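Read off the chains here:
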Amino acid sequence: MVRLIGSVFVYRGVAWQTFGYDSYRPLGSIRNILKIYDRHGVDEIIVSVRSDPEASKGPDLEVLEEIRSSNINTPVVFSGGIRSIEDVRKCLLHGVERVGLNACLYYPQKVKDIVDYIGVQGVIAVIPFVRKGKIFACFNSSHREFSSGLDGLLVDLPKDIEFLLHDADSDGSTEGFSWNILPLTADRKILLQGGVLQEFNFQKNNFSGIVIENRLLWSECVIQKIKDGSDYLHRRV
């Protein structure tokens, strides 16, 4: 059974619906969105926080407190500002079960230190990407740009780490996921996000899971219908 993961994008303390990687529409309270996903029965929730360049480094403690006080049963992944074991420790103290890494993926020793501390199952390598000509360019949150090639990024990362491949071009749209990136990630544990549900075959594809785009959040019983393998979503989007 494919794992279904709810996505919460946070900027300046508010949850947003995303379109591509630069356009947002406000959804409201982080806590309310977490409770909705929890009620709908997703398997996991990933909270991705974007910070302003002038903001202090490290995970956003106010967002972590929103997660802690939401009192939900669904496991939460926190992504944003995590660059050290101390950052991971702060997340764990607020009830987060796993962490998502992006900026420190470009520093393999930092990734190794974090994996040694929390375990490889506690880490997701978050890799937003866009297609640039014949290559897939990966996002580096430290520089706020899509630059590095996926091949080079994968070489130094632990073999058993789970990857979230986030198609930024298709995020929040009906364009469809860039499936031709998958040969580059052979034998890796992967999660997919960004237009995935347009063409996804839930019975035949062997992935760790998919991230449900937040524009689908309000569809009645949509989570269970996806788990049941129905074509309900394909008719709705």
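Every value quoted in this text rests on a predicted model; they were computed, and no experiment measured them. In this numbering scheme, every chain counts its residues from 1 along its sequence in written order. For this predicted model, a pLDDT threshold of at least 70 governs which residues receive local features, and a threshold of 80 or more governs which side-chain atom pairs are given and counted, while totals over whole chains, interfaces and linings are taken from all residues. By convention in this description, side-chain values take in all heavy atoms of the structure and omit both hydrogens and water.

1. Brief notes about the packing of aromatic side chains
Pairing of aromatic rings covers Phe, Tyr and the six-membered ring of Trp, with a centre-to-centre limit of 6.5 Å; geometry is then stacked below 30 degrees between planes, edge-to-face above 60, and tilted otherwise. Going through the model one piece at a time under the given rule, you end up with four aromatic pairs. Each ring, one from Phe139 and one from Phe146, has its centre 4.9 Å from the other, and the planes form 50 degrees; the classification is tilted. The exposure classification of Phe139 matches that of Phe146, with both residues buried. In this scheme, Lys NZ or Arg CZ marks a charge over a ring once it lies within 6 Å of the ring centre and within 35 degrees of the ring normal. Here the basic side chain of Arg50 rests over the ring of Tyr11, its NZ or CZ set 5.7 Å away from the ring centre. Directly above the aromatic system of Tyr107 lies the positively charged group of Lys110, at a separation of 5.0 Å from the ring centroid. Summary of the burial criterion: residues with accessible area below 20% of their type's maximum are buried, those above 50% are exposed, and those between are partly exposed, where the area comes from a 1.4 Å probe applied to protein chains only.

2. Re the nonpolar core
Core analysis: the biggest nonpolar cluster contains 52 residues, and Val8, Val47, Ile67, Phe78, Leu101, Leu165 and Leu192 have the highest contact counts within it. Residues count as neighbours in contact if any of their non-hydrogen atoms are within 4.5 Å of one another. Ignoring anything within four residues of it in the chain, the contact list for Leu165 reads Ile127, Phe129, Phe177, Ile181, Leu182, Thr185, Ile190, Leu191, Leu192 and Gln193. Put simply, a nonpolar core is a bunch of buried Ala, Val, Leu, Ile, Met, Phe, Trp, Tyr and Cys residues held in one set by side-chain atoms that sit within 4.5 Å of each other.

3. Re the pairing of strand S8 (residues 135–140)
Helix and strand definitions follow DSSP, with helices as H or I runs of at least four residues and strands as E runs of at least two, each counted in order from the N terminus. Across the six residues of S8, five count as buried, placing the element largely inside the fold. Bridging between strand S7 (residues 123–132) and S8 involves four bridges; their strand directions are antiparallel. Across the sheet, residue Phe129 finds its bridge partner in S8, namely Cys138. Counting the residues in the hairpin turn of S7 and S8 gives two residues, including Gly133, whose phi is positive at 65 degrees. DSSP-based pairing: two strands are paired if at least 2 bridges between them are found.

4. Description of the confidence of the model for the protein
The predicted coordinates ought not to be read in detail in places where the model reports low pLDDT. For the protein, the mean per-residue pLDDT works out to 83, and 80% of the residues sit at or above 70. Here helix H7 (residues 232–236) stands out as the element of the protein with the lowest mean pLDDT, 40, in contrast to strand S5 (residues 76–79), whose mean of 98 is the highest. Counting interchain partners and residues more than four positions distant, the pLDDT-below-50 stretch residues 230–237 has 19 contacts. Confidence scores labelled pLDDT are given residue by residue by the predictor and lie between 0 and 100.

5. Let's talk about helix H1 (residues 30–40)
Looking only at H1, the buried set comprises Ile30, Ile33, Leu34, Ile36 and Tyr37. Projected down its long axis, H1 carries its buried residues within an arc of 160 degrees, all on one side. Those residues of H1 hidden inside the fold are in contact with strand S1 (3–11), strand S2 (14–19), strand S3 (23–28), strand S4 (44–50), helix H2 (61–70) and strand S12 (209–212). Where H1 begins, the side chain of Ser29 points an oxygen toward the backbone nitrogen of Arg31, at a separation of 3.2 Å. The first or second residue beyond H1 is Gly41, which carries a positive phi of 85 degrees. Arc definition: it is the arc formed by the directions from the helix axis to the C-beta atoms. Polar contacts, as used here, are pairs of N or O atoms within 3.5 Å; protein pairs need one atom able to donate a hydrogen and one able to accept it. Residues neighboring in sequence count only if both atoms are side-chain atoms.

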